[in-house]
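Coordinate inspection notes
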Amino acid sequence: MIEAVDLTRSYQLEGVSVEALRGVNLTIGPGEFAAIVGPSGSGKSTLMHLLGCLDRPTSGSLRIDGVEVAGLNDTQMAELRNRTIGFVFQSFHLLARTSALENVALPLVYRGISRNERIKRAKAALEAVGLAHRLDHRPSQMSGGEQQRVAIARALVGEPAVLLADEPTGNLDTRNGAEVMRILDGLDCTRIVVTHEPEVAAHAVRQIHVRDGLIELDTAT
Ligand code: ADP
Ligand code: ADP
């Protein structure tokens, strides 16, 4: 499903090379639920961006769904990303003037799915996160927890193989954070969550500790 071999990523900063990832080896199978944890600056975001096909490795191999990411051009990378990955971020990134239903239906536009079918699937995705009663609400009319559940529905509406969640509870109180994590607990897809919060990481079956650009501990190995 996801296979990284000797993955590195360096940034050039004012002529100096910063090695954000220094040789990551990682295999994550279908349906696994993994948490990536580690101190600030350890490389978690860099790793997430690579796993999400938002960025390319400097060296090494990354295969997602059998496709080698390193060799793809921008269009191919976007195609793989749209087909395979759903994203959830700390700040919910919903369109402000748009209803929950339209926010969730939007990713399906790029797949050439008919409007009726988009609405049907978006409704089902919102029902699955307990928001059947919020279809016509705009983000400003919803709580933070509800907005994040809309974002989860949007991430899942295209039935991605992999859900990447970057600090998904970072802007939520404990109760809403727990609610969001319970939703992730119940999913069948591969889930990878980056978090600073131990109680969030504890929802994942597998813990991957990143430090100084390397995996320091992986409870699956
Ligand atoms: P984390 O998500 O664990 O906080 P990051 O992946 O954001 O870690 O950062 C890892 C390292 O790479 C840090 O030293 C950071 O300063 C550096 N870094 C991240 N993004 C960039 C960038 N765009 N340009 C230069 N350095 C970066
Ligand atoms: P913050 O809360 O600090 O704004 P987020 O966790 O929301 O950070 O976003 C993390 C990173 O992902 C940012 O670099 C942001 O630009 C990027 N990002 C946010 N939303 C999307 C999206 N829908 N698609 C791709 N990248 C995104």
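Residues numbered from 1 in each chain as written. Chains lettered and ligands numbered in written order. Predicted model: local features only at pLDDT ≥ 70, side-chain atom pairs only at ≥ 80, totals over all residues. Heavy atoms only, no water.

**Let's talk about the nonpolar core**
- Ranked by internal contacts, the top residues of the largest apolar core, which has 40 residues, are Val104, Leu126, Val129, Val150, Ile152, Leu163 and Leu184.
- Those elements that provide at least two residues to this core are strand 3 (33-37), helix 3 (100-109), helix 4 (115-128), helix 5 (144-156), strand 7 (162-166), helix 6 (174-185) and helix 7 (198-201).
- Broken down by element, the residue count for this core peaks at six residues, all from helix 5.
- Residues within four places of Leu184 in sequence aside, it is in contact with Phe33, Ile152, Leu163, Ala165 and Arg191.
- In this structure, Leu7, Ala34, Leu164 and Val210 belong to the second largest nonpolar core, which totals 28 residues. (Core = buried A, V, L, I, M, F, W, Y, C linked by side-chain atoms within 4.5 Å. Buried < 20%, exposed > 50% of the residue type's maximum accessible area, 1.4 Å probe, protein only. Helix = DSSP H or I, 4+ residues; strand = E, 2+ residues; numbered from the N terminus. Contact = heavy atoms within 4.5 Å.)

**Things to note about the pattern of salt bridges**
- If you walk through the whole model with that rule in mind, you get 12 salt bridges.
- The shortest N-O distance in the salt bridge between Arg206 and Asp218 comes to 2.7 Å. In this pair, Arg206 is assigned in strand 9 (residues 206-211) and Asp218 in strand 10 (residues 214-218), connecting sequence segments 12 residues apart.
- Residue classification places Arg206 among the buried residues on the basis of a relative accessible area of 5%. (Salt bridge = Lys/Arg side-chain N within 4 Å of Asp/Glu carboxyl O.)

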